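Read off the chains here:
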Amino acid sequence: LAVSEALPFVEYELARQLMLKLKVLGRNAAFGLKSEVDVGRQLIVSTVTATAVYCTAMPAPRALEISRTIAVHDEEDHLLVNLQRQIETVSSNNRQRLTAA
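Residues numbered from 1 in each chain as written. Predicted model: local features only at pLDDT ≥ 70, side-chain atom pairs only at ≥ 80, totals over all residues. Heavy atoms only, no water.

> So what's going on with the overall build of the protein? Which residues, and what values?
On a plain count of helices and strands, the protein comes out with two helices and two strands. In sequence order, the protein lays out its α and β elements as α-β-β-α. For 101 residues, the compact-globule estimate of 2.2 N^0.38 gives 13 Å, and the C-alpha radius of gyration of the protein, at 17 Å, exceeds that figure by more than 25%. Across its three principal directions, the C-alpha atoms of the protein cover 45 × 45 × 15 Å. Classification of the 101 residues of the protein by burial places 15% in the buried group. (Helix = DSSP H or I, 4+ residues; strand = E, 2+ residues; numbered from the N terminus. Rg over C-alpha atoms; globule rule 2.2 N^0.38 Å. Buried < 20%, exposed > 50% of the residue type's maximum accessible area, 1.4 Å probe, protein only.)

Next comes the structure, spelled out in structure tokens:
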């Protein structure tokens, strides 16, 4: 796979991860965005950094909702469902704390 073919997917995934992180933190804006992509022989490593803030002039971020489409079968699945609930709770609490301030 050529680097030029992979870069659009890398950039899309970085943007998606940034938006999810903003939702978890209860923030609705990011400033000073810096993206870095390092290309090796067999590996592409990318990072994105920004300062996340809650801007009252903008709409509040939507609450993070994690949906599971496969059935829970074993202990590992139960642990993952528990982790999903914890992440949703943290996201909701952060959102409520910032909108109330």
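> Talk me through the pairing of strand 1 (residues 29-39); I want residue IDs and the actual numbers.
Of the strand pairs in this sheet, strand 1 and strand 2 (residues 44-53) are connected by nine bridges, and their pairing is antiparallel. By the bridge assignment, Ala30 is partnered in strand 2 with Ala52. Taking the residues that link successive antiparallel strands as the turn, the strand 1-strand 2 hairpin has four residues. (Pairing = 2+ DSSP bridges.)

> Describe the side chain of Gln84, and please don't skip the residues or the numbers.
The residue Gln84 is located in helix 2 (residues 75-100) in this model. With sequence-adjacent residues up to four places away left out, Gln84 is seen in contact with Ile66 and Arg68. (Contact = heavy atoms within 4.5 Å.)

> Run through the pattern of salt bridges, naming residues and quoting values.
Scanning the entire structure with this criterion turns up two salt bridges. Residue Glu13 pairs with Arg16 through a salt bridge whose shortest N-O separation is 2.8 Å. Placement of both Glu13 and Arg16 in helix 1 (residues 3-25) is noted, with a separation of three residues, approximately one turn of the helix. On the accessibility criterion, Glu13 (31% relative accessible area) is partly exposed. Here Arg68 ties to Asp77 by a salt bridge, and the two come within 3.2 Å at their closest N and O atoms. What makes Arg68 partly exposed here is its relative accessible area of 25%. A residue is classified by how much of its surface remains accessible, and Asp77, at 13% relative accessible area, is buried. (Salt bridge = Lys/Arg side-chain N within 4 Å of Asp/Glu carboxyl O.)

> Which residues make up the environment of Thr49, and what values do they have?
By secondary structure assignment, the location of Thr49 is in strand 2. Measuring from C-alpha to C-alpha, the distance between Thr49 and Leu33 comes to 5.7 Å, with 16 residues separating the pair along the chain. Not counting chain neighbours up to four residues away, the residues in contact with Thr49 comprise Gly32, Leu33 and Lys34.

> So what's going on with the environment of Arg62? Residues and values would help.
In this structure, Arg62 sits in the loop between strand 2 and helix 2. On the accessibility criterion, Arg62 (63% relative accessible area) is exposed. Taking the C-alpha atoms as reference points, Arg62 and Gln17, 45 residues apart in sequence, are found 15 Å from one another. Discounting residues that sit within four places of it in the chain, Arg62 has contacts with Lys23 and Arg95.

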